[in-house]
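Commentary on secondary and tertiary structure
As a plain string of letters, each chain reads:
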Amino acid sequence: MRLRSGVFAASCLLVEALGVALFLRGFFPVPVRSLPRREARGDPPAEPAPPGPGMRSNWTKIPPPLFKKVVIVLIDALRDDFVFGSKGKQFMPYTTQVVEKGTSYSFIAEAKPPTVTMPRIKALMTGSIPGFIDVIVNLNSPALLDDNLIWQAKAAGKRIIFYGDDTWVKLFPKHFVEYDGTTSFFVSDFTEVDNNVTRHLDRVLKREDWDLLILHYLGLDHIGHMTGPNSPLVGPKLHEMDNILKKIHISLLSKEEASLPNLLVVCGDHGMSETGSHGGSSEGEVHTPLLFISSAFEKRSGPLTQPELVQQTDLASTLAVGLGLPISRNSVGNLILPVVGGKTMREQLRFVHLNGFQLSRLLQQNTPAYEKDPGYEHFKKAEKSHGNWIKLYLEGNNSEILLNLGKKVLKQYLEALKTLSSSLSKQVAQYDMYSMMVGTVIIMELRLPERKLGILHDLCAAYSKAKVLLLLLLSVPKALSSQAEFEVPLSPPLFSLLFYLMCLMLCAVHVIVCTSAESLCYFCSMSWLTAAGVMMLISALMCGILSAIAKIFENSRLPLKNPVVSSSSRSEIDVLILAGTIGHVLSLGASSFIEEEHQTWYFLINTLCLVLCQELCRNNFLLKECDPQCGTTVKQNVDSIGEASECKNIDIPAAGSSKLGKASSSADFIKGSDKWISLASPWIILICCRLLRSLNQTGVQWAHRPDFGHWLTSSEHKPELSFLAAVSLLMIFFLVQRRCSLVSKIAMALGLLGVYSYRAAIGNVIFPWQHDSKDISKGITEARFVYVFVLGIVFTGTKDLLKSQVISTDSSVKSTGLWEVYSGLVLLAALLFRPHNLPVLVFCLLIQTMMTKYIWRPLKSDAAQITIMHYWFGQAFFYFQGNSNGIATVDVSAGFVGLESYVEIPAIFLTAFATYAGPLLWAIHLLCYLSSEVSRNSAAVGHGCFCYALMRSIPVAIYIVLVTGLRYHLFIWSVFSPKLLYEGVHVFITAAICLFFTAMDQSYSQKVQDRK
Ligand SMILES: [Zn+2]
Ligand SMILES: [Zn+2]
């Protein structure tokens, strides 16, 4: 079977996208979820029925609350040793006294990474472990959508008051009867944030009209971020917190009536590391204190021994029981038993039964084979003995035996709870290694043939550049030299046997893995047919590799290798490209290189500019000044071009190649003025890059530095921003219009006008005659106006493309069509980019124009080099736009342009387009350029597509292996996972681009064959 290299690359990328998808599914398991809330909630379970007829428990409702008022004091970044360690003794005397001698229970609550505030608040209030995927899914809706304690409390008519970090207000927008949110944005503010909370305290504590008071203090976290956990500022802050706790505790005690006691809960959302930051999984970051203080508890005696370790998620179920509410459905937490320890045995059993019932239902909804789960079995057993106990109890038996029996049942329950919640949290916290392995295998297998093909490509590129080896070239077998085509090794009969064997083996492995004890993986839960399909794909790829290797050995016997010549013909550009690619791939193994990846790309393109400059100098001066040699060099050039065309497509007739040779040799002698522009252009590009770089600070380390973008977006610089945006839009028009047809020129102009009026409508920029922005609308009409023109231009382009494909007209129609599609995308990007980013678009077009006109054409770089340069610039522009490898820099607002409300599919499309606009525009420009060069090298598009696919898939393949190795790294959540997502999405986009490439390439090959 023969495939063109473009088709081959595109299909490889498609299969790779499948592999990446499978890997991502394994790497980011879907969190445990119960059915949507709308569906019947189900009544709370009754007490287990005693066996035998006639007897029935009358406890069928949720038990009544145990506490009247509950105050939760959340101190951000409160580490366990701040309370239980020497710091606590020194700075929190009151709390220490309560912990050691008062009526309290203290625990160390373990937080799961990522230890950042928002997921931790969610964990505290829902009892579930928010997975990384939640961060992505909830990017657009900050309100918490899971069943949680605050909802339940509100539904039960509790009045909730909140003061503190406004994350809470975003999570629970309509749930507090009174609130005052403070922003955690100003990290350098240590006092004001906390005074904003405390100033309400005296007033609220006097009042009686609330049931639940939540206070979230941020000062300690800010101190940690700025100065670390050992700074002298920590002590006074802890002392301040101690005084607040004392005030609340005394006030709660004084309010207590005979009916019900009050409860004070003190906790932290996460701790802090030794440097004062948080987010990772070091002990200091995950261990936070958790105190329950209430007069309902027994008085403690003597100093505290090491507090017991509980999970942070346990608080939700414990508070639900304490407040007499149903436990949140997605909670994986356990009831902290000592808190209800003062109650009767029957009540205690009732609480743990409710908790166990909720956990086992969650397990049922998430695991197909839940009945085999040991936790579930334990729970069923405990439920049975609970029934027996109830029978004895209802019979009036009230002896010591009953109490001991009850203790035994309680113990059974607790064991069941523990097993249940650990197997539930395993689903979220553990990697699905099997799916990951399968995904990796698919991706790696693809790499092998591509690498092989890469070697072939290098070889042939070397040949095409070698200036002497005409004779040798004649002997190159057709299969190798016409390298736009690639023999896909399939179907030899020997391999069909191997294929079946391989399939059988993989299926056996599949059965063994999936029937073994831990059958939690996604790949096993897929249908057998799909799994078998994947197995067959893997085996087919494997066989392909084997036969390809066999072929290489066969080929290597042919006497056509001349490494000396090929290495000598490598220019500096090739060396740089190779070194740069390898260097970048290696840098992906280090977290700080990923955080600051933009620096790598900026460095690479700057170096590229310098090398290009050197190349241009050599081309312009050396070739011209040495006149006697000049003739021969040019002649050699002509020869080499002839060889190149011969190597790349032997079908081109000799006459054509000589004509081409003449044309390009005359292009060598550029006219005087052009020569100087050509020499200056690398420097101009360098200056552009420097300007772009100061537009958006990105990354992590220096992201807070002031940049030009922030200066522009601040409200007092609106006139400057408006001027810049207007100039940018004008420039875009002039740079784009030169190759468009008249209709699209007009459409483009109107569209860009629409972009400006859209930005004016939503208040980003102002018109010169407009002095203050009066009414700010959503700009729906203006944005849709622009969309119409985008669609119009793209449609005109597509029409031209189709026309050139059906009726074979000259290639100018086709290149106009392509350019129009490109300009349509530019217009869309101009609409979606924030106004201060419009210069990015201008410089993008400017650099592309200069590169095409003054660098690539004169240098006659080959398709592979140009592709890689395009890829590099595309990557650099990704960061010039202000993107980074963190999730926070995704500009979600792009998804709302021209939409009334959040509509999922267009929003995702628009956001993805706006984020990857840089790489995308460079890729489409590459296609435009290569297909305009097609007269010089008919296989250019195929090569380009192939190289582009290769450039994209090598880093992904290596990165996936790296991430698998680093999956327990401290920064896996904060650095490596977001990068993995970015890479994954990029692969999908690249696959789409390559399909487009292939479609373009196909029509050309058709035409070339027609001409023949
Ligand atoms: Zn926090
Ligand atoms: Zn913090």
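Treat the numbers as computed from the prediction; the structure is a model and nothing was measured. (Residues numbered from 1 in each chain as written. Chains lettered and ligands numbered in written order. Predicted model: local features only at pLDDT ≥ 70, side-chain atom pairs only at ≥ 80, totals over all residues. Heavy atoms only, no water.)

Structural notes on the overall build of the protein
Going by this rule: Runs of E in the DSSP output that reach at least two residues are strands. Runs of H or I that reach at least four are helices, and both are numbered from the N terminus. Only protein chains enter the accessibility calculation, which uses a 1.4 Å probe. A residue is then buried if its area is under 20% of the maximum for its type, exposed if over 50%, and partly exposed in between. Here, two residues are considered to be in contact whenever any of their heavy atoms come within 4.5 Å of each other. Values of accessible area rely on a 1.4 Å probe in the Shrake-Rupley scheme; residue burial ignores everything except the protein chains shown.
Regarding its fold elements, the protein presents 41 helices and ten strands. For the protein, the proportion of its 1012 residues judged to be buried stands at 56%. Here the analysis covers contacts within the protein between residues at least 6 apart in sequence; of these, 80% occur between residues at least 24 apart. Total accessible area on the protein stands at roughly 43600 Å², and carbon and sulfur atoms take up 64% of it.

Some words on the coordination of the zinc ion (ligand 1)
The condition is simple: Counted as coordinating are nitrogen, oxygen and sulfur atoms within 2.8 Å of the metal, or 3.2 Å for Na, K and Ca, while water is not included, which may make sites look incomplete.
Distances from the zinc ion (ligand 1) to its protein donors, Asp76 (OD), Asp76 (OD), Thr117 (OG1), Asp269 (OD) and His270 (NE2), fall at 2.0 to 2.5 Å. For the zinc ion (ligand 1), all donor residues lie on one chain, and their spacing in sequence is D-x40-T-x151-D-H. A separation of 4.5 Å is found between the zinc ion (ligand 1) and the zinc ion (ligand 2). Placement of the pair is aspartate 76 in the loop between β2 (70-75) and α2 (80-84) and aspartate 269 in the loop between β7 (263-267) and α13 (283-286), with a sequence separation of 193 residues. When its relative accessible area of 0% is taken as the criterion, aspartate 76 is described as buried. The exposure class of aspartate 269 is buried, given its relative accessible area of 0%.

Digging into the nonpolar core
For clarity, the cut-off: For the purposes of this section, nonpolar cores are sets of buried Ala, Val, Leu, Ile, Met, Phe, Trp, Tyr and Cys residues that join through side-chain atoms within 4.5 Å.
In this structure, Ile732, Trp872 and Phe873 are the most contacted members of the largest nonpolar core, which totals 114 residues. For this core, the element with the highest residue contribution is helix α36 (residues 838-859), accounting for 13 residues. Look past the residues within four positions of phenylalanine 873 in its chain and what remains in contact with it is Ile605, Leu608, Cys609, Ile685, Ile847, Met851 and Trp922. Ile72, Met125, Leu263 and Leu424 belong to the second-largest nonpolar core, a separate cluster that totals 66 residues.

Considering helix α11 (residues 219-227)
Where α11 is concerned, the buried positions are Gly219, Leu220, Asp221, His222, Ile223 and Gly224. Contacts made by the buried residues of α11 are with β2, α2, α9 (192-198), β6 (212-217) and α12 (234-255). Just past α11, the residue glycine 228 takes up positive phi, approximately 90°.

Looking at the coordination of the zinc ion (ligand 2)
How we decide: All geometry calls rest on donor angles, where a four-donor set with angles between 85 and 135 degrees is tetrahedral, four- and six-donor sets with opposite donors more than 155 degrees apart and all others between 65 and 115 are square planar and octahedral, and all else is irregular.
Within the protein, Asp221 (OD), Asp221 (OD), His225 (NE2) and His278 (NE2) serve as the donor atoms for the zinc ion (ligand 2), at 1.9 to 2.4 Å. Geometry at the zinc ion (ligand 2) is irregular, judged from its four donor atoms and the angles of 56 to 145° they form at the metal.

Looking at the pairing of strand β4 (residues 160-165)
Applied cut-off: The pairing criterion for strands is at least two bridges between them, as found by DSSP.
Of all six residues in β4, six are buried; the element is thus mostly enclosed. Across five bridges, the pairing between β4 and β6 is parallel. Residue pairing in the sheet places tyrosine 163 in a bridge with leucine 215 of β6. Two elements, β4 and strand β5 (residues 178-182), share five bridges in a ladder whose sense is parallel. Paired with aspartate 165 across the strands is threonine 182, a residue of β5.

Looking at the packing of helix α4 (residues 93-101) against α12
Selection rule: Axis definition: a line fitted to C-alpha atoms, over the contacting stretch in the case of helices. Angles run 0 to 180 degrees between N-to-C directions. Each angle is binned into one of four classes, with values under 35 degrees roughly parallel, values over 145 roughly antiparallel, values of 65 to 115 roughly perpendicular, and all other values oblique. In this classification, the charged set is Asp, Glu, Lys and Arg, the nonpolar set is Ala, Val, Leu, Ile, Met, Phe, Trp, Tyr, Cys and Pro, and all remaining amino acids, among them Gly, are polar.
Between α4 and α12, the least distance of the axes is 7 Å, while the angle of their chain directions is 55°. As judged from the angle between their axes, α4 and α12 are oblique. Here α4 contributes Pro93, Tyr94, Thr95 and Val98 to the contact with α12, which in turn contributes His239, Asp242, Leu245, Lys246, His249 and Ile250. Broken down by class, the residue content of the contact of α4 with α12 amounts to five nonpolar, three polar and two charged.

Examining the state of the cysteines
Threshold: Only a pair of cysteine sulfur atoms within 2.5 Å counts as a disulfide in this structure description.
Inspection of the entire model under this criterion finds zero disulfides. Just so you know, cysteine 617 is unpaired, no disulfide at all, and the nearest cysteine sulfur is the one on cysteine 613, 4.5 Å from it. Here cysteine 617 falls in the partly exposed class, since its relative accessible area comes to 29%. Looking at cysteine 928, it has no disulfide partner, and the nearest cysteine sulfur is the one in cysteine 740, 9.9 Å off. With a relative accessible area of 2%, cysteine 928 lands in the buried category.

Here's the deal with the pattern of salt bridges
Selection rule: The term salt bridge refers to a pairing of a side-chain nitrogen on Lys or Arg with a carboxyl oxygen on Asp or Glu at a separation within 4 Å.
Applying the stated criterion across every chain, the model contains 18 salt bridges. When the shortest N-O distance is used, the salt bridge between glutamate 208 and lysine 68 registers 4.0 Å. Linking glutamate 208 in the loop between α10 (201-206) and β6 with lysine 68 in the loop between α1 (5-27) and β2, this pair joins segments that are 140 residues apart in sequence.

Examining the pairing of β6
Most of β6 is tucked away: six of the six residues are buried. Burial along β6 is two-sided: Leu212, Ile214 and His216 facing one way and Leu213, Leu215 and Tyr217 facing the other are all buried. Note: β2 against β6, six bridges, orientation parallel. Counterpart to isoleucine 75 in the pairing with β6 is tyrosine 217.

Regarding unusual backbone geometry
Of note, alanine 77 is a non-glycine position whose phi angle comes to about 65°, a positive value. Topologically, alanine 77 is positioned in the loop between β2 and α2. Of the residues examined, alanine 77 reaches a relative accessible area of 0% and is grouped as buried.

A look at the confidence of the model for the protein
The criterion, for reference: pLDDT runs from 0 to 100 and stands for how confident the predictor is about each residue.
Confidence in the prediction of the protein, expressed as mean pLDDT, is 78, and 75% of residues score 70 or more. Across residues 448-490, confidence stays below pLDDT 50; counting only partners more than four residues off in sequence or on other chains, it has 97 contacts. Contacts of residues 559-569 to residues separated by more than four positions or lying in other chains number 14 contacts, the stretch itself having pLDDT below 50.

Some thoughts on the sheet that holds strand β8 (residues 287-293)
On the basis of which strands lie adjacent, the open sheet formed by eight strands has the order β5-β4-β6-β2-β7-β8-β3-β9 and mixed pairing. A strand with exactly one partner marks an edge of an open sheet, and here the two such strands are β5 and β9 (308-311). Going across the sheet, the axis of each strand differs from the next one's by a mean of 20°, ignoring polarity.

Examining the environment of leucine 504
Mapped onto the elements, leucine 504 comes out in helix α21 (residues 493-515). For the pair formed by leucine 504 and methionine 536, sequence separation is 32 residues and the distance between their alpha carbons is 9.4 Å.

Observations regarding the side chain of serine 328
Along the chain, the position of serine 328 falls in the loop between α14 (314-323) and α15 (345-366). The exposure class assigned to serine 328 is buried, which follows from its relative accessible area of 3%. Filtering out sequence-adjacent residues up to four positions away, serine 328 remains in contact with Met125, Thr126, Asp147, Asn148, Leu149 and Gln358.

Structural notes on the environment of proline 64
With respect to the helices and strands, the residue proline 64 is situated in the loop between α1 and β2. In this structure, the C-alpha to C-alpha distance between proline 64 and glycine 324, residues 260 residues apart in sequence, is 4.8 Å.

Quick word on α14
For an α-helix, 3.6 residues make a turn, and residues three or four places apart therefore share a direction. Burial runs high along α14: ten of the ten residues are buried. All of the buried residues in α14 are Asp314, Leu315, Ala316, Ser317, Thr318, Leu319, Ala320, Val321, Gly322 and Leu323. Where α14 ends, the next residue or the one after it, glycine 324, has phi of about 70°, a positive value.

Considerations on the packing of helix α37 (residues 863-880) against helix α40 (residues 940-965)
Let me state the cut-off plainly: Less than a right angle of anticlockwise turn of the near helix away from the far helix marks a crossing as left-handed, whereas a clockwise turn marks it as right-handed.
Where α37 contacts α40, the axes come no closer than 8 Å and their chain directions differ by 45°. By the angle between their directions, the pair α37 and α40 is classed as oblique. Of the two elements, α37 crosses α40, and the hand of that crossing is right-handed. For the pair formed by α37 and α40, the contact residues are Ala863, Ala864, Thr867, Ile868, Tyr871 and Trp872 on the first element and Ala940, His943, Gly944, Cys947, Tyr948, Met951, Arg952 and Pro955 on the second. Each residue belonging to the contact of α37 with α40 can be placed in one class, and the counts come to ten nonpolar, three polar and one charged.

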